[in-house]
Amino acid sequence: MRRFPLAALVALLTAAPAATAQQMQPTWFTIIADHVDIANMPAFEEASREFTELFEDKGVEGMSWITITGPDLGYTYAVPGMGPEDMGSMNAEWSAVMSSLGDAGSRLQAKSDALVSSREMYYLLLRPDLSFRPEAVGFTPSEPHRTYLQFRVLPAKVAEFEASARAWAEAYGRHGRHCRRRSMRRSGRTTPG
């Protein structure tokens, strides 16, 4: 259970290096985001480090998450392989782990919860079929920062957006990513074609 400060949510798109977009399957992630006021960030990070150390000291296994931070993201915890249908089992697993940690776990959770100004939870789905080179996306402690783009798509436009994303991935695959900005500016196009 290691935490990496990341500048982007795109790090969630981690995959085995040898896989291709067609070999990769869609994968769910449960996302929990803690938003902390700037003044409370040092204390929150210290409480988070203590919490992680307690998990390691007690030898907690079978539970892991990735921590992502950024100005708009707060402290976002991504739990890979857990989607909407896993909520009950995830809560049961968390309760069992917290029970095994005893008073120290309860104290640290209360300490960090008191520093959180708001919390949200949602799900993300890795879509390798709409991604360009998803096998190359990942993170390591030596390269922890990422840039991300977030698209908010109207429900009526989802199919059109997915078709456009596939076309972009195919165009990048054919032509490489080096000329994308220059050629788009010159042509004035917003979609490949």
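Remember, predicted model here, so these are calculated numbers, not experimental data. (Residues numbered from 1 in each chain as written. Predicted model: local features only at pLDDT ≥ 70, side-chain atom pairs only at ≥ 80, totals over all residues. Heavy atoms only, no water.)

Asks: Got a minute to help me understand the packing of helix α1 (residues 41-57) against helix α2 (residues 87-113) in this structure?
Replies: For any two helices packed against each other, the geometry comes down to the angle between their axes and how far apart the axes lie. Running from amino to carboxyl end, α1 crosses α2 at an angle of 155°, the nearest separation of the two axes being 10 Å. Compared by their axis directions, α1 and α2 come out roughly antiparallel. Crossing of α1 over α2 shows right-handed handedness. When α1 is examined against α2, the residues Phe44, Ala47, Glu50, Phe51, Leu54 and Phe55 are found in contact with a partner set consisting of Trp94, Val97, Met98, Leu101, Ala104, Gly105, Arg107, Leu108, Gln109, Lys111 and Ser112. For the contact of α1 with α2, the class distribution of residues is eleven nonpolar, three polar and three charged. (Axes fitted to C-alpha atoms, helices over the stretch in contact; angles between N-to-C directions. Helix = DSSP H or I, 4+ residues; strand = E, 2+ residues; numbered from the N terminus. Parallel < 35°, antiparallel > 145°, perpendicular 65-115°, else oblique. Left-handed = near helix turned anticlockwise from the far one by under 90°. Contact = heavy atoms within 4.5 Å. Nonpolar A, V, L, I, M, F, W, Y, C, P; charged D, E, K, R; others polar.)

Asks: Teacher, can you tell me more about the pattern of salt bridges here?
Replies: Once their charged atoms are close, side chains differing in charge can pair, the charge on each being opposite to the other. Following the criterion strictly, the structure yields nine salt bridges and no others. The closest approach of N and O atoms between Asp129 and Arg127, which form a salt bridge, is 2.8 Å. Using a relative accessible area of 33% as the deciding quantity, one classes Asp129 as partly exposed. For Arg127, a relative accessible area of 23% translates into the label partly exposed. A salt bridge links Asp129 to Arg166, with the nearest nitrogen and oxygen atoms 3.0 Å apart. Residue Asp129 is found in the loop between β4 (116-126) and α3 (158-175), and its partner Arg166 is found in helix α3; the two are separated by 37 residues along the sequence. For Arg166, a relative accessible area of 32% puts it in the partly exposed group. Among the ionic contacts, a cluster of salt bridges with common partners joins Arg127, Asp129, Glu162 and Arg166. (Salt bridge = Lys/Arg side-chain N within 4 Å of Asp/Glu carboxyl O. Buried < 20%, exposed > 50% of the residue type's maximum accessible area, 1.4 Å probe, protein only.)

Note that every value here comes from positions in space, so none of it alone points to a role or purpose.
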